Amino acid sequence: MWNKHTDLLQNCLNSLEVECKPEFNTTCDQAFEFWKEKTVEIRSNGNIIYLVGNGASASMASHISADLAKNAHVHTQVFTDLALITALANDISFDQVFVEPLRRRLTPSDMLVAISSSGNSPNVVNACRFASEQGASVVTLTAMAPTNKMRQIGDLNFWLPAETYGMAETGHACILHYWMDSVSVNNI
């Protein structure tokens, strides 16, 4: 069972598709190099990387945010404060819980990293659209259906052909850690 599961994960990761804007496909290595360069630029200029997601993806956003701050010396922010989320959901709308704080903080020189297994979570999709409209860099990590909404929005879109949430979340964690390790101050 274990070997079958790890083989499925390896196949999923080997099937990672990456798209960059303008509309062209790129190799995984080129995409990660582009992401690394943009992250180093953000760090050098003192800009911010915002990370968003729901459920396990929110936990991953928080985890990677901490790792980037600690290991890569990048200014990061996540919106995981329960009071903020519930106030925005109650007073405005749950599909705006990321857009509203971004509206007050995001600049065109910042980056949004959006994580969603389905790629169709309205609050994360709205955050991607908003960040894109503001001219910020948008990186998406999605899985499941290849035609998901987020995959069409980002400047850099990572898509895994995972069919389960566990496979999607494990694959996304692998992608995020690879990125974080590439920008760690110990690796530069």
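Position numbers for residues start from 1 in each chain and track the written sequence from start to end. Only residues with pLDDT of at least 70 are given local features in this predicted model, and only at 80 or more are side-chain atom pairs given and counted; all residues enter the totals for whole chains, interfaces and linings. Note that water and hydrogens are dropped before the side-chain values are worked out from all heavy atoms of the structure.

The salt bridge definition used is simple: a Lys or Arg side-chain nitrogen within 4 Å of an Asp or Glu carboxyl oxygen. Counted under the stated rule, the structure contains five salt bridges. Residue Glu100 pairs with Arg103 through a salt bridge whose shortest N-O separation is 3.2 Å. Here Glu100 and its partner Arg103 are both found in helix H5 (residues 99–105), three residues apart, which amounts to about one turn of the helix. Given a relative accessible area of 11%, Glu100 falls into the buried group. The partly exposed category is assigned to Arg103, whose relative accessible area is 45%. When the shortest N-O distance is used, the salt bridge between Glu100 and Arg104 registers 2.9 Å. Of this pair, Glu100 and Arg104 are both found in helix H5, four residues apart, which corresponds to roughly one turn of the helix. We count a stretch as a helix when DSSP gives it H or I for four or more residues in a row; a strand needs E for two or more, and each element gets its number in order from the N terminus. Between buried and exposed lies partly exposed: a residue is buried under 20% and exposed over 50% of the maximum accessible area for its type, with that area taken using a 1.4 Å probe on protein chains only.

With that out of the way, let us pick up the nonpolar core. Note that soluble globular proteins tend to have their nonpolar side chains buried in a common cluster. Residues Trp35, Val113, Leu141, Phe158, Leu176 and Trp179 are the most contacted members of the largest nonpolar core, which totals 35 residues. Per-element accounting of this core gives the leading share, seven residues, to helix H7 (residues 165–183). Counting residues in hydrophobic clusters, the runner-up holds 22 residues, among them Val52, Leu102, Ala127 and Ile153. Nonpolar core, defined: a set of buried Ala, Val, Leu, Ile, Met, Phe, Trp, Tyr and Cys residues in which side-chain atoms within 4.5 Å join the residues together.

In this analysis, rings of Phe, Tyr and Trp, with Trp reduced to its six-membered ring, are considered paired at centre separations within 6.5 Å, and the interplanar angle assigns stacked below 30 degrees, edge-to-face beyond 60, and tilted for intermediate values. The final tally for this structure, using the stated rule, is six aromatic pairs. On the numbers, 5.8 Å between centres and 15° between planes, the contact of Tyr50 with Phe79 is stacked. A residue pair is termed long-range when its members are at least 10 positions apart, and Tyr50 in strand E3 (residues 48–52) and Phe79 in the loop between strand E4 (75–78) and helix H4 (82–91) qualify at 29 residues. Phe79 shares its class with Tyr50; the two are buried. Here a set of aromatic residues connected by ring pairs shows up, and it is made of Phe32, Trp35, Phe158, Tyr178 and Trp179.

Turning to the pairing of E4, a few remarks are in order. If a strand is regular, its side chains alternate between the two faces of the sheet. Burial along E4 is one-sided: Thr76 and Val78 are buried, while His75 and Gln77, pointing the other way, are not. Only strands that DSSP links by at least two bridges are regarded as paired with each other. Inspection of the sheet shows E3 paired to E4 by four bridges, in the parallel sense. Across the sheet, residue Leu51 finds its bridge partner in E4, namely Val78. A crossover gets the label right-handed when its path from the first strand over the helix to the second runs clockwise, viewed with the strands pointing away from the viewer. Running through helix H3 (residues 56–71), the crossover from E3 to the neighbouring parallel element E4 is right-handed.

Before going further, it helps to spend a moment on the environment of Ser109. Structurally, Ser109 can be placed in the loop between H5 and strand E5 (111–116). As a C-alpha pair, Ser109 and Lys38 span 71 residues in sequence and 9.9 Å in three-dimensional space. Each residue touching Ser109, except ones within four places of it in the same chain, is listed here: Ile42 and Asn47. Working rule for contacts: check all heavy atoms of both residues, and any pair within 4.5 Å makes them a contact.

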